[in-house]
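# Structural overview for review
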Amino acid sequence: MPELPEVEIIKRSLLKMVIKAKIIDIKINNKNLRYKIPNNFSSSLIGEKILKIKRRSKYLIFCFKKKILLVHLGMSGKIFIIRKNYSTSFKKTFYHNINILEKHNHIYFKLNNGFYIIYNDVRRFGFLKLYKNTKIKQIPFLSKLGIEPFNKKFNQKYFQKFISDRKKNIKNLLLDQTFVSGLGNIYANEVLFESKISPLRGCKNLSKNEIRIIIKNIKKILKLSISKGGSSIKDFKDTKGISGKFQQFFKVYGRQNKNCSRVTCNNKIKKIKISNRSSYYCSECQS
DNA sequence: TTCTTTGTTCCGGA
DNA sequence: GTCCGGAACAAAGA
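Let us look at the structure shown here. Per chain, residue numbering runs from 1 following the sequence as it is written. All chains are assigned letters beginning at A, and all ligands numbers beginning at 1, according to the order in which they are written. Restriction of local features to residues with pLDDT of at least 70 applies here, the model being predicted, together with a cutoff of 80 or more for giving and counting side-chain atom pairs; totals for whole chains, interfaces and linings are based on all residues. Computation of side-chain values: all heavy atoms of the structure, hydrogens and water removed.

### Digging into the nonpolar core
The term nonpolar core refers to a set of buried residues drawn from Ala, Val, Leu, Ile, Met, Phe, Trp, Tyr and Cys, joined through side-chain atoms within 4.5 Å. Categorising residues by exposure relies on relative accessible area from a 1.4 Å probe, with only protein chains included: less than 20% of the type maximum marks a residue as buried, more than 50% marks it as exposed, and the intermediate range marks it as partly exposed. Grouped together as the largest cluster of nonpolar side chains are 28 residues, with contacts concentrated most on Leu14, Phe62, Phe109 and Leu128. Going along the chain from the N terminus, every DSSP run of H or I of four or more residues is numbered as a helix, and every run of E of two or more is numbered as a strand. Taken together, the elements giving at least two residues each to this core come down to helix H1 (4-18), strand E1 (23-28), helix H2 (41-45), strand E3 (59-63), strand E4 (67-72), strand E5 (77-83), strand E8 (105-111) and strand E9 (115-121). When residues of this core are assigned to their parent elements, the largest contribution, four residues, is made by H1. The criterion used for residue contact is that any of the two residues' heavy atoms lie within 4.5 Å. The contact partners of phenylalanine 62, leaving out residues within four places of it in the chain, are Leu14, Ile50, Lys52, Ile53, Lys67, Ile68, Leu69, Val71 and Ile117. In terms of nonpolar packing, the next biggest core, distinct from the first, is built from 27 residues, Phe162, Ile170, Leu173 and Ile186 among them.

### Side note on the sheet that holds E5
Strand order across the open sheet formed by four strands is E1-E8-E9-E5, with antiparallel pairing between neighbours. Either end of the sheet is taken by a strand with one partner, and the two such strands are E1 and E5. Adjacent strand axes in the sheet meet at a mean angle of 15°, parallel and antiparallel pairs treated alike. At least two DSSP bridges between two strands are needed for those strands to be called paired. The sheet contact formed by E5 and E9 spans seven bridges and is antiparallel. The residue bridging isoleucine 79 from the neighbouring strand is tyrosine 119, located in E9. Axis definition: a line fitted to C-alpha atoms, over the contacting stretch in the case of helices. Angles run 0 to 180 degrees between N-to-C directions. Packing against the sheet, H1 makes contact with E5, E8 and E9, and its axis sits at approximately 25° to E5.

### Notes on helix H6 (residues 185-195)
With 10 of 11 residues buried, H6 lies mostly within the body of the structure. If you check which residues of H6 are buried, you get Asn185, Ile186, Tyr187, Ala188, Asn189, Glu190, Val191, Leu192, Phe193 and Ser195. Within two residues after H6, lysine 196 carries a phi angle of roughly 60°, on the positive side.

### So, the packing of aromatic side chains
Any two of the Phe, Tyr and Trp rings considered here, Trp counted by its six-membered ring, make a pair once their centres fall within 6.5 Å; the pair's planes then place it as stacked at under 30 degrees, edge-to-face at over 60, or tilted in between. One pass over the full model with this rule turns up 15 aromatic pairs. Between the aromatic rings of phenylalanine 250 and tyrosine 253, the centroid separation amounts to 5.9 Å while the plane-to-plane angle is 70°, which identifies the pairing as edge-to-face. Here, over-ring charges are defined by two tests on the NZ atom of lysine or the CZ atom of arginine: distance to the ring centre within 6 Å, and angle to the ring normal within 35 degrees. Over the ring of tyrosine 35 we find lysine 129; its NZ or CZ atom is 4.8 Å from the centre of that ring. Directly above the ring of phenylalanine 162 sits arginine 166, whose terminal nitrogen or CZ lies 4.1 Å from the centroid.

### With respect to unusual backbone geometry
The phi angle at serine 57 is positive, at roughly 55°, despite the residue not being glycine. Within the secondary structure layout, serine 57 lies in the loop between strand E2 (52-56) and E3. Of note in this structure, arginine 124 is not a glycine but carries a positive phi near 60°. Turning to its location among the elements, arginine 124 is positioned in the loop between E9 and strand E10 (127-132).

Following this line, the structure appears as structure tokens:
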């Protein structure tokens, strides 16, 4: 699932390979993503040069001269950068030895530097939206977002001020994108495990030290994941290889009934639902 | 056929 | 007015 670290890795790959390139053709196989791709999508983008690529939370932002393309990968969205002759079928293409199923390649961007950008999405919960003559801060999806976790202003003072009149539990607080933007369910679980805090704790009852630890671990785990993801992409061997690498990294997510990752603990990881989202935690280590 | 998965939005109740 | 959580939504695989 693409969360902030995965999106950051994709952005870095794109920066290396397609920055300053011009879009010379677009092929749309399926318009029905989260939001339907409008009819003028291709004609609006063909001829445009990719001037900047940014990330905000889990959103990718492609900047053109007077247009912005906003991309959200949803649950299963992927972006492939590939060098391929347009006349050849993509059906049997391998990318880092991953077989790309043409069935789920919804949009191809052909660039003037020999590369294609492919938007692939099995579940089609992701979306691409084009904005004309709009500033990044004015885009509705981005204007409501809270602070980025790596921002220095995401600190103790900010945290304490935000929770002063909140009744939420800490798990829901971490998922609240107006509080901090970019944490998803997986990393919220991992951060709380690392911080030894129960996901059910009311955020108002957290001590100063616990808040300090949570902030530290958010930054630490996201950074670690970016470094792991970056290196593991190189090592991907096949689809099994991917899940293996990711599972290796998770200490609590998806580990219900398995032993707690802390060697000093003999407890089993519990799985509960908090606000309809799966929460994994150790009832011994996290309180 | 039903359940699960995600981020986002909407809505009713407090 | 604002906060909170539940439900709905998108699609597909198990």
